[in-house]
Amino acid sequence: MTEPTAREAVIALLETLPGSTVETIAPGALAPDGVTPIPEIAWGDTFVYSTPNGEPGVMPYLTIITKDYPDDELSRLDRPGAFRLNANVGREAFAEVIGYPPAEHAARAGEWDYAADGAVIPHPLYAKLGWVSVVNPATGPEVAALIERAHAHATNR
């Protein structure tokens, strides 16, 4: 048996979240309507939805992306094996983790290296909404705490 990749280890951690659905997009997958194709750019990426009643979630609260998207290239996910865990922790937890409220991020965005491996950073695009990220995270206690904060935020909404 081979050792799981870092991405697989994080996905395994996500799959333990109660009341959540974890979906990694397969090539050719269709949206929940069963008709609309999911864009190829999302193939291979993972989305976690709050589904406490078993109903499909609308917006994910955790994601793993495996490549640069148009207008989202600061994390340099074009590197072999690179991925980014994104977590909607909410505005209050964002301020605790990052050190300032999300509303201040636009003025402070230049302070961050969005490609730094293992560091909890503001999300390059969605910081103002309370999202944080980690590029190439390990499954240590800091990442587990971040995932739990996002899960608690999703559960309490």
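This one's a predicted model, so the numbers in the text were calculated from it and none came from an experiment.

Section: the nonpolar core
If you look at the biggest cluster of nonpolar residues, it comprises 25 residues, and the most contacted ones within it are Leu14, Leu62, Val89 and Val132. Those elements that provide at least two residues to this core are α1 (6–14), β3 (62–65), β4 (84–88), α2 (91–98), β6 (131–135) and α4 (141–156). In terms of residues, this core owes the most to one element, α4, which gives 5 residues. Residues Ile25, Ala29, Leu77 and Ala82 belong to the second largest nonpolar core, which totals 12 residues.

What about the side chain of Thr51?
Of note, Thr51 is situated in the loop between β2 (46–50) and β3. Contacts of Thr51, omitting those with residues within four sequence positions, involve Gly19, Ser20, Thr21, Pro56 and Gly57.

Thoughts on unusual backbone geometry
Phi at Asp71 takes a positive value of approximately 70°, unusual for a residue other than glycine. Despite not being glycine, Asn136 shows a phi value in the positive range, around 50°. In this fold, Asn136 is placed in the loop between β6 and α4.

Some remarks on the sheet that holds β6
Within a sheet, neighbouring strands are paired by backbone hydrogen bonds and run either parallel or antiparallel to one another. Strand order in the open sheet formed by 6 strands is β1-β2-β3-β4-β6-β5, and the pairing between neighbours is antiparallel. This sheet does not close on itself; its edge strands, each paired only once, are β1 (20–24) and β5 (120–122). Adjacent strand axes in the sheet meet at a mean angle of 20°, parallel and antiparallel pairs treated alike. By the bridge criterion, 5 bridges tie β4 to β6 in an arrangement that is antiparallel. The residue of β6 that forms the bridge with Asn86 is Ser133. α2 rests against β5 and β6 of the sheet, and its axis sits at about 125° to β5. Strands β1, β2, β3, β4, β5 and β6 of the sheet are contacted by α4, whose axis makes an angle of about 40° with β4.

Reading the values: the criteria
Residues numbered from 1 in each chain as written. Predicted model: local features only at pLDDT ≥ 70, side-chain atom pairs only at ≥ 80, totals over all residues. Heavy atoms only, no water. Core = buried A, V, L, I, M, F, W, Y, C linked by side-chain atoms within 4.5 Å. Buried < 20%, exposed > 50% of the residue type's maximum accessible area, 1.4 Å probe, protein only. Helix = DSSP H or I, 4+ residues; strand = E, 2+ residues; numbered from the N terminus. Contact = heavy atoms within 4.5 Å. Pairing = 2+ DSSP bridges. Axes fitted to C-alpha atoms, helices over the stretch in contact; angles between N-to-C directions.

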